[in-house]
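Chains, contacts and geometry: an overview
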Amino acid sequence: MENMESMGLDATVDRGREDAGRSGDTHVPMAPLSETGLKEKYGKVYEITVTVDEDDENEGRKIRFLFTQPSVASFNRYVKTASKNVMNATAIFVRDNIIEEQVADLEKQCTAYPGLALNMGQKLLNVLGLGDNINFRRL
């Protein structure tokens, strides 16, 4: 995992592009917490990085978020509501488990990229053991 101190907590940090942060966005990133501080506050912390390719000229934009260990209560809410509206259930599940310092950034990015929550939600569900890497055979 990349050192969280050098990364800060602004989800829109993009070290790969020269124009990162110059798009007229007035968002001021919060002071970064240390990796130790995050672990003390939240316990297990997971970093999820999503690469967004808007078009050929805007390829490779990386969006990073930090999440806590998903709780059983959050997972239960997800399971209960997923059959009715999987997109909404996943967005709520992701919002439930992001560190509080990034909630506003998450909502902003999910408004711009509606599929973002679905991608990140799948990774968080994998943390709880819900994945597709299962071997099954008849004995």
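Residues numbered from 1 in each chain as written. Predicted model: local features only at pLDDT ≥ 70, side-chain atom pairs only at ≥ 80, totals over all residues. Heavy atoms only, no water.

Before going further, it helps to spend a moment on the pairing of strand β2 (residues 61–68). Counting buried positions along β2 gives seven out of eight residues, so the element sits mostly inside the fold. Pairing geometry for strand β1 (residues 45–52) and β2, over eight bridges, is antiparallel. Within the sheet, the bridge partner assigned to Ile-48 lies in β2 and is Phe-65. (Buried < 20%, exposed > 50% of the residue type's maximum accessible area, 1.4 Å probe, protein only. Helix = DSSP H or I, 4+ residues; strand = E, 2+ residues; numbered from the N terminus. Pairing = 2+ DSSP bridges.)

Along the polypeptide, Asn-97 turns up in helix α4 (residues 86–97). A polar side-chain atom of Asn-97 sits 3.0 Å from a polar atom in the side chain of Ser-74. There is a polar contact of 2.7 Å between the side chain of Asn-97 and the backbone oxygen of Phe-93. What Asn-97 contacts, discounting residues up to four positions off in sequence, is Phe-67, Thr-68, Gln-69, Pro-70, Ser-71, Ser-74 and Leu-124. (Polar contact = N/O pair within 3.5 Å; in protein donor to acceptor, adjacent residues only side chain to side chain. Contact = heavy atoms within 4.5 Å.)

Below, the discussion takes up a negative patch on the surface. Together, Asp-53, Glu-54, Asp-55, Asp-56, Glu-57 and Glu-59 make up a negatively charged patch on the protein surface. Among the structural elements, Glu-57 can be located in the loop between β1 and β2. On the basis of relative accessible area, Glu-57 is assigned to the exposed category, the value being 76%. (Patch = residues over 30% accessible without salt bridge, like charges linked within 9 Å, V, L, I, M, F, W, Y side chains within 5 Å. Areas by Shrake-Rupley, 256 points an atom, 1.4 Å probe, with all protein chains shown as cover. Salt bridge = Lys/Arg side-chain N within 4 Å of Asp/Glu carboxyl O. Lys, Arg positive; Asp, Glu negative; His and termini not counted. Charge placed at Lys NZ, Arg CZ, Asp CG, Glu CD.)

A separate point is the packing of helix α3 (residues 72–82) against α4. For any two helices packed against each other, one specifies the inter-axial angle together with the distance between the axes. As a packed pair, α3 and α4 sit with axes 8 Å apart at the nearest point and diverge in direction by 170°. The orientation of α3 with respect to α4, classified from their angle, is roughly antiparallel. Here Ser-74, Phe-75, Arg-77, Tyr-78, Thr-81 and Ala-82 of α3 lie close against α4, whose contacting residues are Val-86, Ala-89, Thr-90, Phe-93, Asp-96 and Asn-97. Of the residues in the contact of α3 with α4, the class split is six nonpolar, four polar and two charged. (Axes fitted to C-alpha atoms, helices over the stretch in contact; angles between N-to-C directions. Parallel < 35°, antiparallel > 145°, perpendicular 65-115°, else oblique. Nonpolar A, V, L, I, M, F, W, Y, C, P; charged D, E, K, R; others polar.)

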